[in-house]
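Examining the three-dimensional arrangement
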Amino acid sequence: MFKYHVGVVIPFYQRESGILAKALLSIAAQEVKKTKFTIVVVDDGSPVPADKELASVQLPDNCQIELIKQKNAGPAVARNTALDYLQKNKIDTVAFLDSDDVWNKHHVSEALSALSAGAGFYFCNHSRFNTALSWFESLNCFKEWNDMLIEYNIKFSSDKNLAELSGANCFKLFIREYLSQTSCIVYDFKSLPDKRFDPSLVSAGEDFFLWLHLVRSCEKVIFSLNKNVHCGAGVNIYFDSFDWNKLSSSTQQGYHFILYKMILSSFPLQKSEYALIKQSADQHLNLYSYLMLKHFITRVGFNRGLAVSILKRFPGAMFLVPFRFIRASMNRKILQK
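Residues numbered from 1 in each chain as written. Predicted model: local features only at pLDDT ≥ 70, side-chain atom pairs only at ≥ 80, totals over all residues. Heavy atoms only, no water.

1. Looking at the pattern of salt bridges
Considering all chains together, one arrives at 9 salt bridges under this definition. Between Asp 51 and Lys 69 there is a salt bridge; the shortest N-O distance is 2.7 Å. Residue Asp 51 is located in helix α2 (residues 50-54), and its partner Lys 69 is located in strand β3 (residues 63-70); the two are separated by 18 residues in the primary sequence. Judged by its relative accessible area of 31%, Asp 51 is partly exposed. On the basis of relative accessible area, Lys 69 is assigned to the exposed category, the value being 53%. Among the salt bridges present, the one from Arg 176 reaches Glu 144, with a minimum N-O distance of 2.5 Å. Taken together, the positions of Arg 176 in helix α8 (residues 167-176) and Glu 144 in the loop between α6 (140-143) and α7 (145-151) put the pair 32 residues apart, joining distant regions of the chain. Linked through salt bridges whose partners overlap, the residues forming this network are Arg 79, Asp 98 and Glu 206. (Salt bridge = Lys/Arg side-chain N within 4 Å of Asp/Glu carboxyl O. Helix = DSSP H or I, 4+ residues; strand = E, 2+ residues; numbered from the N terminus. Buried < 20%, exposed > 50% of the residue type's maximum accessible area, 1.4 Å probe, protein only.)

Printed below as a string of structure tokens:
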């Protein structure tokens, strides 16, 4: 008899075989009792078909896989497809796992402990393939740890591995910095069954925007200082966009601009929070303006759909793109954070 039923959301789009198997085996290796996993793999038009990956994996009886295939629509739509399936099947708890990431064996047990203690939202620290620092070690707020404990009224568990704060204070921390990668998130799905990723944020920010909605809806949030997730080096839109010679870099900056404008209009922010988010929106608009016109002029490419979206939603911003491009070309410091 199972005490817990965890739905695992895995969007799948990879160009290399064998990656998904590692993610699935990390679910099977979880050291947690009386727990059933319903694993929803959404093949988002992947070059390497998910069904071929699944054929090579043997999982224990407490792990059930549901494969859903769809035309490529991006991670937000893929994850929403999985969430819709889990909602129809009345799953209580949802965890996210990207197909190139793996959980350590205590991830789900810590998450369920947090949710059993009344948290509506849980996240943890993680390691990453391209750096020796953990995610928390890279964040400014954790470098100011003692001040953060006081400012956000954070309380520790007896073993000092779990930290608790209110959803309102967690929202403020998320506004300050992006606290958690998607594969680190577990939340009380039965209490928030209708929340979804915004599909208009095609290649950036869809996760951040949902986390803000979720934590703001929770009375309590618990996070773990343990590195319970390792993020791998598969297909990653975010890291691909670091190369300014690629069209994906201007695309990501454009969607980040839309994200921060949406945050400004969607949430009641304090004056300092509003100023911080507005500054981020302006910075991403500067980068989008420069990179978009640079890519157009040098024939790297042009994301017409994104440009039309910005023009329709924020016409004033789009009309100023040429002027921002000229200013950035004359003074590259404008492009620096």
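2. Details of α8
Burial runs high along α8: 7 of the 10 residues are buried. Where α8 is concerned, the buried positions are Gly 167, Asn 169, Cys 170, Phe 171, Leu 173, Phe 174 and Ile 175.

3. Here we look at helix α11 (residues 247-266)
Taking 1.5 Å of rise per residue, the 20 residues of α11 would be expected to cover 28 Å, and the 29 Å separating its terminal C-alpha atoms lies within 8% of that figure. For α11, the buried fraction is high: 15 of the 20 residues fall into the buried class. (Expected span 1.5 Å × (residues − 1).)

4. A look at the side chain of Asp 98
For Asp 98, the position within the fold is in the loop between β4 (93-96) and β5 (101-103). Of the residues examined, Asp 98 reaches a relative accessible area of 13% and is grouped as buried. Excluding residues within four positions of it along the chain, Asp 98 makes contact with Pro 11, Ala 23, Arg 79, Gln 181, Thr 182 and Ser 183. (Contact = heavy atoms within 4.5 Å.)

5. What about the packing of α8 against helix α9 (residues 206-216)?
Two elements in contact, α8 and α9, have axes separated by 8 Å at closest approach and are oriented at 160°. What the angle tells us is that α8 and α9 run roughly antiparallel. Pair α8 / α9 crosses with left-handed handedness. Across the interface between the two elements, Gly 167, Ala 168, Cys 170, Phe 171, Phe 174 and Ile 175 from α8 touch Phe 208, Trp 211, Leu 212, Val 215 and Arg 216 from α9. (Axes fitted to C-alpha atoms, helices over the stretch in contact; angles between N-to-C directions. Parallel < 35°, antiparallel > 145°, perpendicular 65-115°, else oblique. Left-handed = near helix turned anticlockwise from the far one by under 90°.)

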